[in-house]
Amino acid sequence: MSEGDAAGRLVRPFTLTGGRTRPSRADFTLITSVTAVDPQPAGAPRPQPEHSRILRLCARPVVVAELATLLDLPVSVVAIMLCDLLEAGRITVHPPRTVTRKPDLDLLQKVRDGLGRL
């Protein structure tokens, strides 16, 4: 990688977020699922090319971590861009389901005993 390429990769995320370093909302974790709204809101301004790419990738539910990988961008940058899309009504967000079950103590005991025998 040349020095120019390295500089370009550092500048690009900054330009994608309009200089913002933090998302405007706390809706997005690594395992938050995101889906593009279909059909897209009428009368909304045309999305930027990067936002359009996210919308294409979100045609099916995708988690934030996978989206960042597909875009080859830091999660923090993707979260900022997702905030833009959420505020424009272009995506829906589905937080991870919380697990309320208590752990099976009998199963944990068996695992502990098995590990102890190793």
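Here goes a summary of the coordinates provided. Every residue gets a number counted from 1 within its own chain, in the order that chain's sequence is written. Thresholds applied to this predicted model are a pLDDT of at least 70 for local features of residues and 80 or more for the giving and counting of side-chain atom pairs; totals over whole chains, interfaces and linings are not thresholded and use all residues. Only hydrogens and water are removed before side-chain values are computed, so all heavy atoms of the structure are retained for them.

What to know about the pairing of strand β1 (residues 33–36)
Here comes step 1: Burial classification: accessible surface area is computed with a 1.4 Å probe over protein chains only, and a residue below 20% of its type maximum counts as buried, one above 50% as exposed, and the rest as partly exposed. For helices the rule is a DSSP run of H or I covering at least 4 residues; for strands it is a run of E covering at least 2, with both sets numbered from the N terminus onward. Both faces of β1 are covered, namely the face carrying Ser33 and Thr35 and the face carrying Val34 and Ala36.
Here comes step 2: At least two bridges found by DSSP between two strands are what make those strands a pair. Alignment of β1 against strand β2 (residues 62–63), held across two bridges, turns out to be antiparallel. Following the sheet pairing, valine 34 is matched in β2 by valine 62.
Here comes step 3: Looking at chain direction, β1 and strand β3 (residues 91–94) are connected through four bridges and run antiparallel. Bridging across to β3, threonine 35 finds its partner in threonine 92.

Re the environment of leucine 71
Here comes step 1: Looking at where leucine 71 falls in the secondary structure, it is placed in helix α3 (residues 64–71).
Here comes step 2: For leucine 71, a relative accessible area of 5% puts it in the buried group.
Here comes step 3: For the pair formed by leucine 71 and glutamate 50, sequence separation is 21 residues and the distance between their alpha carbons is 9.1 Å.

A few points about the pattern of salt bridges
Here comes step 1: Within this document, salt bridges are pairs made up of a side-chain nitrogen of Lys or Arg and a carboxyl oxygen of Asp or Glu, the two lying within 4 Å of each other. Per the counting criterion, the structure on display carries three salt bridges.
Here comes step 2: The shortest N-O distance in the salt bridge between arginine 60 and glutamate 66 comes to 3.1 Å.
Here comes step 3: Residue aspartate 106 pairs with lysine 110 through a salt bridge whose shortest N-O separation is 3.4 Å. Linking aspartate 106 with lysine 110, this pair stays in helix α5 (residues 105–117), spanning four residues, or about one helical turn.
Here comes step 4: Judged by relative accessible area, which is 48%, aspartate 106 ranks as partly exposed.

Observations regarding the packing of α3 against helix α4 (residues 75–87)
Here comes step 1: Axes here mean lines fitted to C-alpha atoms, for a helix over just the part in contact, with angles spanning 0 to 180 degrees between N-to-C directions. Where α3 meets α4, the axes come as close as 9 Å, and the angle between the chain directions of the two elements is 105°. Here α3 is positioned roughly perpendicular relative to α4, judged by the angle of their axes. Packed against α3, whose contacting residues are Val64, Leu67, Ala68 and Leu71, the element α4 presents Val75, Val78 and Leu82 at the interface. For classification purposes, an angle smaller than 35 degrees is called roughly parallel, one larger than 145 roughly antiparallel, one from 65 to 115 roughly perpendicular, and anything else oblique. The contact criterion used throughout is that any non-hydrogen atoms of two residues lie within 4.5 Å.

Regarding the nonpolar core
Here comes step 1: Nine residue types can take part in a nonpolar core, namely buried Ala, Val, Leu, Ile, Met, Phe, Trp, Tyr and Cys, and a core is a set of them joined through side-chain atoms within 4.5 Å. Residues Phe28, Ile54, Leu67, Leu82 and Ile91 are the most contacted members of the largest nonpolar core, which totals 22 residues.
Here comes step 2: Counting residues per element, the ones that place at least two in this core are β1, α2 (49–57), α3 and α4.
Here comes step 3: Looking at which element gives the most residues to this core, the answer is α4, with eight residues.
Here comes step 4: For phenylalanine 28, the contacting residues outside a window of four places in its chain are Val34, Val64, Ala79, Leu82, Cys83, Leu86, Ile91 and Val93.

A few points about α3
An α-helical turn contains 3.6 residues, so any two residues separated by three or four positions project in the same direction.
Here comes step 1: Within α3, the full set of buried residues consists of Val64, Leu67, Ala68 and Leu71. For α3, the angular spread of the buried residues around the axis is 100°, confining them to a single face.
Here comes step 2: Where α3 is buried, its residues meet β1, α2, β2 and α4.
Here comes step 3: Positive phi appears at aspartate 72, one or two residues downstream of α3, with a value of about 55°. Here the arc refers to the set of directions running from the helix axis out to each C-beta atom.

Quick word on the sheet that holds β3
Here comes step 1: Ordered in space as β2-β1-β3, the three strands form an open sheet in which the pairing is antiparallel. One side of each edge strand has no neighbouring strand; the edge strands of this open sheet are β2 and β3.

Spatial relationships are all this shows, so hold off on functional conclusions.
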